[in-house]
Amino acid sequence: MNKFIENVLLNSVVKLSNNKYISAIKEGVISVISITIVGSFFLLIAYPPVPSSWFETVGLFKWIALNRDIILMPFQTTMSIISIFVIIGTAYHLSRNLELPTIPTILISLIAFFMTLDWTKALEAVSFSQVVVTEENQLALMELLKLDSLPNIGETFNVSSAPLKSLGLIIPMDNMGSKGMFVGFLCVIVVCFIFNFFKKKNLTIKMPDGVPEGVIRSFEALIPLLVIVSLFELLHLIPALFPKQFPSGIIDLHVILQKLFFWLPIIINSLPGALIMVFFICFLWCLGIHGSSIVEAFTMPILLQLFEANAQAYISGEAIPYILTNQFYYAFVWIGGGGGTLGLVILMAFVAKSKYMKVLGKSSLAPCLFNINEPIVFGTPIVLNPYLMVPYIAGPMICVVISYIATKIGFISQTVAVVPWTFPAPLYAYFATGGDWKSIILVLINLAVLTAMYFPFLIAYDKKLLLEELEEKNK
């Protein structure tokens, strides 16, 4: 069994975590955390956790209610175009991993992504008249009205009866938020793959000596840029050649990927999916591998998408759709860091009898309050420790079940704001749920559960260490 873990499982996981593409995606998502925190800060200002009546009676809050659109500008300019920032971060890290020129790689990745969007002409109608659909005007009306499919013969539409005034091109924002993240990753991967191919095959323009470095890099990217732009132009060119087969006027990669991976948000936002995710994160930590880095490389884009949907619903005053966001885990599961180790540290500091456990527990208490628990994971150690692996894995899974049910039945609110992960869990939960004080009660319940889970295992491990200390003392 040990050989299987060491030779097969550990090697496979290490190779996966060291994969240049997966590593870049993970780092790209991590790079936008500060942006989401700043955006959420202004979300909390626009919707402070105070009684709703204050927005009609108290001067400051009346002003906030009247000026929410202005206050929310930082949120909209961060979360509403989050895919752009993720693309920049991912392209930066992948270009460094593959030793490609950084700035050209980022710019080409952005160009490729913008070419996947359905740019439309903004027209202003002056006057309208009713038009009935016939076989002769059916296709023309579909193109004019930007319909997704051919209208039915006999239908009536209001159509401008005067020349339309052009307002220029507009970029739809819908796929620039977290919904467009997977297409963004695809663009970065395709760009870097093609760029790397041309570089390895020496199919780039070479400049003479003495030319500035910036000019060299720009011309080095010229041929790959031409190929990449031509490739993504096919998304628009093919529908132009075959309009009946592609009535929307574009091969929409966003729709295609959403249909292919529609099941991912469903699984990740389900209780079984959450339990599987938490199990693997904790299990990998028990093997000495950073479980969060590996698992979140796959789940973070979806969790970010679920969070953005929650935040937008919160702003619109609609029902908040999702329970399981990344903030849910930091608030109610990772209390004291991965494995929910704050309960363990409290027991080590105040219950353990062995000198080693007491000293380590007291020295780790302050960092663990701020969710920094590497001294515990590697110092206790939890890694490959049969005494502590079981509660380290099982405790957080129990907290997931309790917190999921508490949210499902309406005891606490869903998470709607991003908070720095170093906030102590009660404060984190309070701000992440938009100021729901009952979330603090849930954190304390989960902390009690985690402490109870660790108790018998710590006592057994502490006895072992105490005997070893006594034997060492008597030598």
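Preceding this section is the structure that the text describes.
My aim in this report is to walk through the structure given alongside it, one point at a time. (Residues numbered from 1 in each chain as written. Predicted model: local features only at pLDDT ≥ 70, side-chain atom pairs only at ≥ 80, totals over all residues. Heavy atoms only, no water.)

## Regarding the overall build of the protein chain
What counts here: Here a strand is any run of E in DSSP of at least two residues, a helix any run of H or I of at least four, and the numbering for each starts at the N terminus. Only protein chains enter the accessibility calculation, which uses a 1.4 Å probe; a residue is then buried when its area is under 20% of its type maximum, exposed when over 50%, and partly exposed in between. Should any heavy atoms of two residues lie within 4.5 Å, those residues are counted as being in contact.
Within the protein chain one finds 24 helices and 4 strands. Along the first, second and third principal axes, the C-alpha set of the protein chain runs to 100 × 70 × 45 Å. The proportion of buried residues among the 475 residues of the protein chain is 45%. Sequence separation of at least 24 residues holds for 73% of the intrachain contacts in the protein chain that already meet a minimum separation of 6.

## As for the packing of aromatic side chains
To keep things clear, this is the line we draw: Stacked, tilted and edge-to-face are the three classes applied to pairs of Phe, Tyr and Trp rings, where Trp contributes its six-membered ring and a pair requires centres within 6.5 Å; stacked means planes under 30 degrees apart, edge-to-face means over 60, and tilted covers the rest. Charge over a ring is defined by NZ of Lys or CZ of Arg lying within 6 Å of the ring centre and within 35 degrees of the ring normal.
Overall, the coordinates contain 16 aromatic pairs when judged by the stated rule. Between Tyr387 and Tyr461, the aromatic rings sit 5.3 Å apart at their centres with planes inclined by 40°, giving tilted as the arrangement. Of this pair, Tyr387 sits in the loop between helix H21 (374-379) and helix H22 (389-408) while Tyr461 sits in helix H24 (residues 438-474), and the two are 74 residues apart along the sequence. Looking at Tyr387, the relative accessible area reads 29%, which means it is partly exposed. Just above the ring of Trp437 sits the side chain of Lys438; from NZ or CZ to the centre is 5.6 Å.

## Quick look at the nonpolar core
Convention followed: Think of a nonpolar core as a cluster: buried Ala, Val, Leu, Ile, Met, Phe, Trp, Tyr and Cys residues, connected wherever their side-chain atoms sit within 4.5 Å.
Membership of the largest hydrophobic core comes to 62 residues, with the highest contact counts inside it found for Tyr329, Phe332, Leu344, Met357 and Tyr392. In terms of residues, this core owes the most to one element, helix H16 (residues 271-286), which gives 9 residues. Not counting residues within four places of it along the chain, the set of residues in contact with Phe332 comprises Cys399, Ser403, Ile412, Ala429, Thr433, Ser439, Leu442, Val443 and Asn446. Ranked by size, the runner-up nonpolar core spans 31 residues in total, among them Leu117, Cys187, Phe198 and Leu235.

## Some words on the pattern of salt bridges
What counts is decided by this rule: Salt bridge, as applied in this entry: a Lys or Arg side-chain nitrogen positioned within 4 Å of an Asp or Glu carboxyl oxygen.
Across all of its chains, the model carries 4 salt bridges by this definition. Across the pair Lys179 and Asp174 runs a salt bridge, and its minimum N-O distance is 2.9 Å. What makes Lys179 partly exposed here is its relative accessible area of 32%. For Lys438, the salt bridge identified is with Asp436, shortest N-O distance 3.5 Å. The exposure class assigned to Lys438 is partly exposed, which follows from its relative accessible area of 25%. Owing to a relative accessible area of 8%, Asp436 belongs among the buried residues under this scheme.

## Focus on a nonpolar patch on the surface
This is how the line gets drawn: Residues forming no salt bridge and having over 30% relative accessible area are the ones grouped into patches, like charges within 9 Å of each other and nonpolar side chains (Val, Leu, Ile, Met, Phe, Trp, Tyr) within 5 Å. Working definition of accessibility: Shrake-Rupley area with a 1.4 Å probe, residue cover restricted to the visible protein chains.
Where nonpolar side chains cluster on the molecular surface, the patch consists of Ile256, Leu260, Phe261, Phe262, Trp263, Ile266 and Ile267 and spans about 690 Å² of accessible area. For the nonpolar patch, the elements supplying multiple residues, two or more each, are helix H14 (253-260) and helix H15 (263-268). Broken down by element, the residue count for the nonpolar patch peaks at 3 residues, all from H15. For Ile267, the location among the structural elements is in helix H15.

## Remarks on the packing of helix H9 (residues 102-115) against helix H13 (residues 222-241)
Each pair of packed helices can be described by the angle between their axes along with the distance between the axes. As a reminder, the rule being used: Simply put, an axis is a line fit to the C-alpha atoms, just over the touching stretch for a helix, and the angle between two N-to-C directions goes from 0 to 180 degrees. Here the word oblique covers every angle except those under 35 degrees (roughly parallel), over 145 (roughly antiparallel) and from 65 to 115 (roughly perpendicular). Under the grouping applied here, Gly and all other residues not named as nonpolar or charged are polar, the nonpolar ones being Ala, Val, Leu, Ile, Met, Phe, Trp, Tyr, Cys and Pro and the charged ones Asp, Glu, Lys and Arg.
Where H9 contacts H13, the axes come no closer than 9 Å and their chain directions differ by 10°. Relative to H13, the element H9 is oriented roughly parallel. Note on element contacts: H13 touches H9 through Leu225, Ile228, Val229, Phe232, Glu233, Leu235 and His236, opposite Ile108, Ile111, Ala112 and Met115. Partitioned by chemical class, the residues of the contact of H9 with H13 number 9 nonpolar, 1 polar and 1 charged.

## Focus on unusual backbone geometry
In the segment running from Thr380 into Pro381, the intervening peptide bond is cis, with an omega of -15°. Examined against the element boundaries, Pro381 turns out to sit in the loop between H21 and H22. Residue Asn371 is not a glycine yet carries a positive backbone phi of 65°. Residue position: Asn371 is located in the loop between helix H20 (355-369) and H21. Residue Leu384 is not a glycine yet carries a positive backbone phi of 55°. In this fold, Leu384 is placed in the loop between H21 and H22. According to the relative accessible area criterion, Leu384 is exposed, its value standing at 55%.

## Here we look at the packing of helix H11 (residues 181-200) against helix H17 (residues 291-316)
At a minimum axis separation of 10 Å, H11 and H17 run at an interaxial angle of 145°. Across from Met181, Phe182 and Phe185 in H11, the residues of H17 making contact are Pro301, Ile302 and Leu304. For the contact of H11 with H17, the class distribution of residues is 6 nonpolar, no polar and no charged.

## Considering the environment of Val419
Its place among the elements puts Val419 in the loop between H22 and helix H23 (425-432). Residues Val419 and Val38 lie 381 residues apart in sequence; the distance between their C-alpha atoms is 8.9 Å. Contacts of Val419, omitting those with residues within four sequence positions, involve Ile37, Tyr428, Phe431 and Ala432.

## Here's the deal with H17
Spelled out, the test is: A helix is expected to span 1.5 Å for every residue after the first.
Between the first and last C-alpha of H17 there are 36 Å, a value that for 26 residues agrees with the 38 Å anticipated at 1.5 Å per step. Burial within H17 is extensive, with 21 of its 26 residues counted as buried. A positive phi of about 75° marks Gly317, the residue just after H17.

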